[in-house]
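Listed here are the chains, written in short residue letters.
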Amino acid sequence: MELAILIIAFAHVAIFVSRGGVATMIAPAASCYAAPRAMIFPSLTLAVVIGAMVAPQSGTTLSEINPKALFTAFTAALVAYGIARNISPHISRLYLVVAALIGRAAALGEGATIELRALIGWVAAPIIVFILATLIYRVICRVMRSSESHYLNLLQGSAIVISVATLLLFGAVGLNIGSQLKGMTTELWSAVAILGVIAVAVFYAGNKKLLRIASLREREFDVNPQSAIAIILSATAVIAFFSFDASAALVGAKATFISPTLVIFTALTACSWTQGRRVMSGEEQARMSVANIVALIIALVVGYLLSSLLQGGWNHNTDLRSLMLFVAIVAIPLLAIISLQNNMRMRRKSEQAREQAELLKENRRSLNRMEVEAMQAENENLRNQLELKRKEVMSVAMNITEQKEFIHQLYEKLKQIRKVEDAAEKDRMLDKLHTDLSLRMNFTSEIDSFYTQVEQLHKDFGVRLTEKFPDLTRQERRLVILLRLDFSTKYIATLMNISPKSVEISRHRLRAKLGLKREQNLTNFIKTI
Amino acid sequence: MLFFKRIDKTNQQVEAFFDTVDQALLVFKQGVKNYLYSEMEAFNDNLATMTKLESDAELMRREIENGLYSRTSFVRMRGDVMRLLERMGHIVDLLNDNLSQFEIERPYIPSELNADMLKLTDLSTQAVETTIPAAKAYFRSPEGITEKIHRVYFYKREADKQAKLLKRKVFHEMDSLKLSEKFHLRYFALHIEELSRASEKVADQLSVMSVKRAY
């Protein structure tokens, strides 16, 4: 029963710790290499398990822990992460758990179990990884440049190296965790650790959400194969380096937990720096640093307070208690306020974004409405044109009928005239026919129809003309329209059934009525109405 | 090692594809020259060769694409390489289309324009020609790309100038030509000029690819 609780507690902590880390560990490879991802997780988790199993027993950073310690560490780390993530989401969760356990150890009077040499390791790891990543990147670039190989061959070679290096990275992480857990406790704990790692492995194998997180990370890890190899190899080397007491002692440190997120981000920064570009802005970097420091402090304080409460009183180191109380009274409310402000700012931002989206939607809606209105107006115009055409067709048809009828009548009348014997009667009938033909030649109905059509086409102009010059007669209005259409005097004379001279006189009268000066052009003036 | 063998086949195909583009350029230049000097038999041979080269290039491009998809895993690089090949393939299409249009439309080109037309063809094809070593450099020595694509931009600018000169000559100095003939000549000049524009696009693409390869 105790073992089962231990495994569950451990698995919870391990999942919390590895949640961001696993995605970050995959990201360099995933950003440039498209191996079937369904195959990645089982093999990578297996690498972690194997790493944990073969790990040597190292001097531990922490003293022995139990389910209660795990619970305290998990809760404190969760609280710290929850608050500090408002500043930046890039926080090393592993260090939070460690900080919470240190806080707990202090609360229980075990003294700060963290050793200076472990601290040296935590400081040395990013520095070493930075130097190593820069060196590896430069070497790879030089090798690729001097190589006569085709680029596709180099890519294929890189794919193999990246795959193997990623497996090694996961193995190194397993080694690091395993060595610490084995050193931390008895054989029972080793079994728990391995079973816990297996539980995590099962949790992550084929975890779709993690794939999504990994693909989100790809934005930050937009790197070429050389960088990916340099990042993965340097991170692997550093994590493995700090998994053994013997190797860690070379830099005056001891084997300790190393956050994969931290070393990978540092390696990425190193590669980007070598290429002369920046991974993230100065503000983002500052926020990340502040978030990590703040989260560590919160985890330490919450771990201490929680353990004290669980132990049933404040009966430990008084100075430390005073310090912790001070931090609890001043720092936690302060952080809560910062967190609250951050939340409010985020809310305001999202509110602004929503308002902007709403405004955009509204603009789109009005644009749609305008488009619909324009379309309706266009349709109306087309309908009018159609109506006009229909009338034209009707008019042509009626005209043809009328002409035919007239010609038929003419034919009948001529037939009758031919039959008439009396010369006087014949003259009278011929005179009548002449009159009829003269009348017909005026084309009154056609001209009327023409004016109707023109007025229909220039409806707006007609309205403006009536508004501005209401005193114009029907004949003058027609003249205005014909002038606007640029018809010549001769043509106007035919259409108005008057002589060209009369057209000139009508133009003169029209100028007077419109109040034009001598130098003003009549046609141009009409066009401006 | 099997992996590398399969990739080697794709590499060879890429090289062969670029060689085909190079060959198509030579045939195009020869074809235009033959048309201008009314060597119609030789021109028809050029046209037949060009059609074959175009279909070969298309086939090769498809095979390379298949190879890239099935044998490589670097999505971004793969996409870049395929885009480059598509752009080069488009140039071969343009070459074939242009030569076919000469055959179909039979534009009337006055002999006094022959030299200008040949110069425009030379400059445009040289712009394309210089993209080939630049494209090959991407696969072997990317540091040489920048230097090579500068030449592409140079020839493109020269081709632009020559095309303008030719069009100005046609419209301002050749009064004996009908407007329709002038338009026809302008249309052909534009088509030949289009080659240098296509080579500029390839150069732009290579420029981006070289930056991506470095970072």
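This one's a predicted model, so the numbers in the text were calculated from it and none came from an experiment.

What counts and what doesn't
- Residues numbered from 1 in each chain as written.
- Chains lettered and ligands numbered in written order.
- Predicted model: local features only at pLDDT ≥ 70, side-chain atom pairs only at ≥ 80, totals over all residues.
- Heavy atoms only, no water.
- Helix = DSSP H or I, 4+ residues; strand = E, 2+ residues; numbered from the N terminus.
- Contact = heavy atoms within 4.5 Å.
- Buried < 20%, exposed > 50% of the residue type's maximum accessible area, 1.4 Å probe, protein only.
- Areas by Shrake-Rupley, 256 points an atom, 1.4 Å probe, with all protein chains shown as cover.
- Buried area = accessible area lost by both parts, 1.4 Å probe.
- Polar contact = N/O pair within 3.5 Å; in protein donor to acceptor, adjacent residues only side chain to side chain.
- Nonpolar A, V, L, I, M, F, W, Y, C, P; charged D, E, K, R; others polar.
- Expected span 1.5 Å × (residues − 1).
- Core = buried A, V, L, I, M, F, W, Y, C linked by side-chain atoms within 4.5 Å.
- Patch = residues over 30% accessible without salt bridge, like charges linked within 9 Å, V, L, I, M, F, W, Y side chains within 5 Å.
- Salt bridge = Lys/Arg side-chain N within 4 Å of Asp/Glu carboxyl O.
- Lys, Arg positive; Asp, Glu negative; His and termini not counted.
- Axes fitted to C-alpha atoms, helices over the stretch in contact; angles between N-to-C directions.
- Parallel < 35°, antiparallel > 145°, perpendicular 65-115°, else oblique.
- Phe/Tyr/Trp six-rings, centres within 6.5 Å; stacked < 30°, edge-to-face > 60°.
- Left-handed = near helix turned anticlockwise from the far one by under 90°.
- pLDDT = per-residue confidence, 0-100.
- Arc of directions from axis to C-beta.

Attention shifts here to the overall build of chain B. The helix and strand inventory of chain B stands at 6 helices and 0 strands. Listing each helix as α and each strand as β along chain B from the N terminus yields α-α-α-α-α-α. A fraction of 83% describes how many contacts in chain B between residues 6 or more apart in sequence connect residues 24 or more apart.

Scanning chain A for helices and strands turns up 20 helices and 0 strands. The 529 residues of chain A split such that 43% are buried. Long-range pairs, those at least 24 residues apart, make up 80% of the contacts in chain A with a sequence separation of at least 6. When the accessible area of chain A is evaluated, it comes to approximately 28,900 Å², of which 63% is carbon and sulfur surface.

So, about the interface of chain A and chain B. Taken together, the contacts link 29 residues of chain A with 23 residues of chain B. Between chain A and chain B, roughly 2,300 Å² of surface is buried when both sides are summed, and carbon and sulfur atoms account for 58% of that area. By the criterion of area lost to chain B, the three top residues of chain A are His150, Tyr151 and Gln156 of chain A, representing 32% of everything that side buries. Our count for the contact surface shared by chain A and chain B stands at 2 residue pairs in polar contact (both at pLDDT 80 or more). Secondary-structure elements contributing two or more residues to the side of chain A that touches chain B are helix H1 (2-32), helix H5 (116-146), helix H6 (151-184) and helix H9 (225-241) of chain A. With 11 residues, H6 of chain A is the largest single contributor of residues to the side of chain A that touches chain B. Considering only residue class, the side of chain A that touches chain B consists of 13 nonpolar, 11 polar and 5 charged.

Since there are 3.6 residues in each turn of an α-helix, residues three or four apart along the chain are aligned in direction. All names here are of chain A. An ideal rise of 1.5 Å per residue puts 21 Å on 15 residues; helix H11 (residues 260-274) measures up with 21 Å between its terminal C-alpha atoms. Among the 15 residues that make up H11, 12 are buried, leaving the element largely enclosed by the rest of the structure. For H11, every residue scored as buried is listed here: Pro260, Thr261, Val263, Ile264, Phe265, Thr266, Ala267, Leu268, Ala270, Cys271, Ser272 and Thr274. Following H11 by one or two positions, Gly276 has its phi on the positive side, about 80 degrees.

Core analysis: the largest hydrophobic core is formed by 117 residues, its most contacted members being Phe17, Phe18, Tyr138, Phe139 and Leu206 of chain B. Residues contacting Leu206 of chain B, with those up to four places away along its chain left out, are Leu84, Thr131, Ala134, Ala135, Tyr138, Ile145 and Ile149 of chain B.

Bringing a nonpolar patch on the surface into the picture now. On the surface, Leu46, Ile50, Met53 and Val54 of chain A cluster together to form a nonpolar patch covering roughly 400 Å² of accessible area. Residue class for Val54 of chain A comes out exposed when judged on its relative accessible area of 56%.

Before going further, it helps to examine the pattern of salt bridges. Pairing between side chains of opposite charge can happen when their charged atoms approach one another. Evaluation of the coordinates by the stated rule reveals 20 salt bridges over all chains. Notably, a salt bridge pairs Glu380 of chain A with Arg383 of chain A, separated by 2.9 Å at the nearest N-O pair. Of the two residues, Glu380 of chain A and Arg383 of chain A both sit in helix H13 (residues 318-419), 3 residues apart, roughly one turn of that helix. Through salt bridges with shared partners, a single network forms among Glu58, Arg61, Arg62 and Glu65 of chain B.

On to the side chain of Arg511 of chain A. Residue and element names in this part refer to chain A. Secondary-structure assignment places Arg511 in helix H19 (residues 500-514). No salt bridge forms around the buried Arg511; measuring N to O, its nearest opposite-charge neighbour Glu519 is 7.1 Å away. A distance of 3.3 Å separates a polar side-chain atom of Arg511 from the backbone oxygen of Arg518. Those residues in contact with Arg511 that sit more than four places away from it in its chain are Leu516, Lys517, Arg518, Gln520, Asn521 and Leu522.

Positionally, Glu54 of chain B belongs in helix H2 (residues 40-71). Filtering out sequence-adjacent residues up to four positions away, Glu54 of chain B remains in contact with Val92, Asp93 and Asn96 of chain B.

A few words now on the packing of helix H3 (residues 75-105) of chain B against helix H6 (residues 179-214) of chain B. All names here are of chain B. Put simply, H3 and H6 touch, their axes get as near as 10 Å, and they point 170 degrees apart. Between H3 and H6, the angle is such that the two are roughly antiparallel. Along the lines of polarity and charge, the residues of the contact of H3 with H6 split into 16 nonpolar, 7 polar and 7 charged.

Applying the stated criterion to the full structure yields 14 aromatic pairs over all chains. Judged by centre distance (4.6 Å) and plane angle (35 degrees), the ring pair of Tyr95 of chain A and Trp122 of chain A falls under tilted. With Tyr95 of chain A in helix H4 (residues 93-107) and Trp122 of chain A in helix H5, this residue pair connects regions lying 27 residues apart in the sequence. Among the residues examined, Trp122 of chain A registers a relative accessible area of 14% and is labelled buried. The interplanar angle of 50 degrees and the centroid separation of 5.6 Å between the aromatic rings of Phe130 of chain A and Trp273 of chain A together place this pair among those described as tilted. Residue Phe130 of chain A is found in helix H5, and its partner Trp273 of chain A is found in helix H11; the two are separated by 143 residues along the sequence. Phe130 of chain A sits in the partly exposed class, given a relative accessible area of 26%. Judged by its relative accessible area of 54%, Trp273 of chain A falls in the exposed class. Within the aromatic cluster, the residues linked to one another by ring pairs are Tyr151 of chain A together with Phe17, Phe18, Tyr138 and Phe139 of chain B.

Time to look at unusual backbone geometry. All names here are of chain B. Despite not being glycine, Ser38 shows a phi value in the positive range, around 55 degrees. Here Ser38 shows up in the loop between helix H1 (2-36) and H2. Relative accessible area serves as the criterion here: at 57%, Ser38 is assigned to the exposed category.

Residue and element names in this part refer to chain B. Two numbers describe how H2 lies on H3: the axes approach to 10 Å, and their chain directions differ by 165 degrees. As the angle between them shows, H2 and H3 are arranged roughly antiparallel. In this structure, H2 meets H3 at a crossing whose hand is left-handed. Across the contact of H2 with H3, the residue classes break down as 15 nonpolar, 5 polar and 8 charged.

Detailed conclusions should not be drawn from predicted coordinates in areas where pLDDT is low. Taken as a whole, chain B shows an average pLDDT of 88; of its residues, 96% reach a score of 70 or greater. Averaged pLDDT values for the elements of chain B fall to 86 in H1 of chain B and rise to 91 in helix H4 (residues 114-140) of chain B.

As a further point, take the environment of Glu86 of chain B. All names here are of chain B. On the secondary structure map, Glu86 appears in helix H3. Measuring from C-alpha to C-alpha, the distance between Glu86 and Glu65 comes to 9.7 Å, with 21 residues separating the pair along the chain. The contact partners of Glu86, leaving out residues within four places of it in the chain, are Arg61 and Glu65.

So, about the confidence of the model for chain A. This prediction gives chain A a mean pLDDT of 77; 74% of its residues lie at or above 70. Element-level pLDDT for chain A is lowest in helix H8 (residues 208-217) of chain A, with a mean of 59, against a maximum mean of 91 in H9 of chain A.

Take H19 of chain A next. Residues and elements named next belong to chain A. Between the first and last C-alpha of H19 there are 21 Å, a value that for 15 residues agrees with the 21 Å anticipated at 1.5 Å per step. Every buried residue of H19 is accounted for by Val503, Ser506, Leu510, Arg511 and Leu514. Relative to the axis of H19, the buried residues are bounded by an arc of 145 degrees and lie together on one face. Opposite its buried face, H19 presents the exposed residues Lys501, His508, Arg509 and Ala512, each directed more than 90 degrees away. Where H19 is buried, its residues contact helix H17 (474-484), helix H18 (489-496) and helix H20 (522-528). Remark: Gly515 follows H19 within two positions and exhibits a positive phi of approximately 70 degrees.

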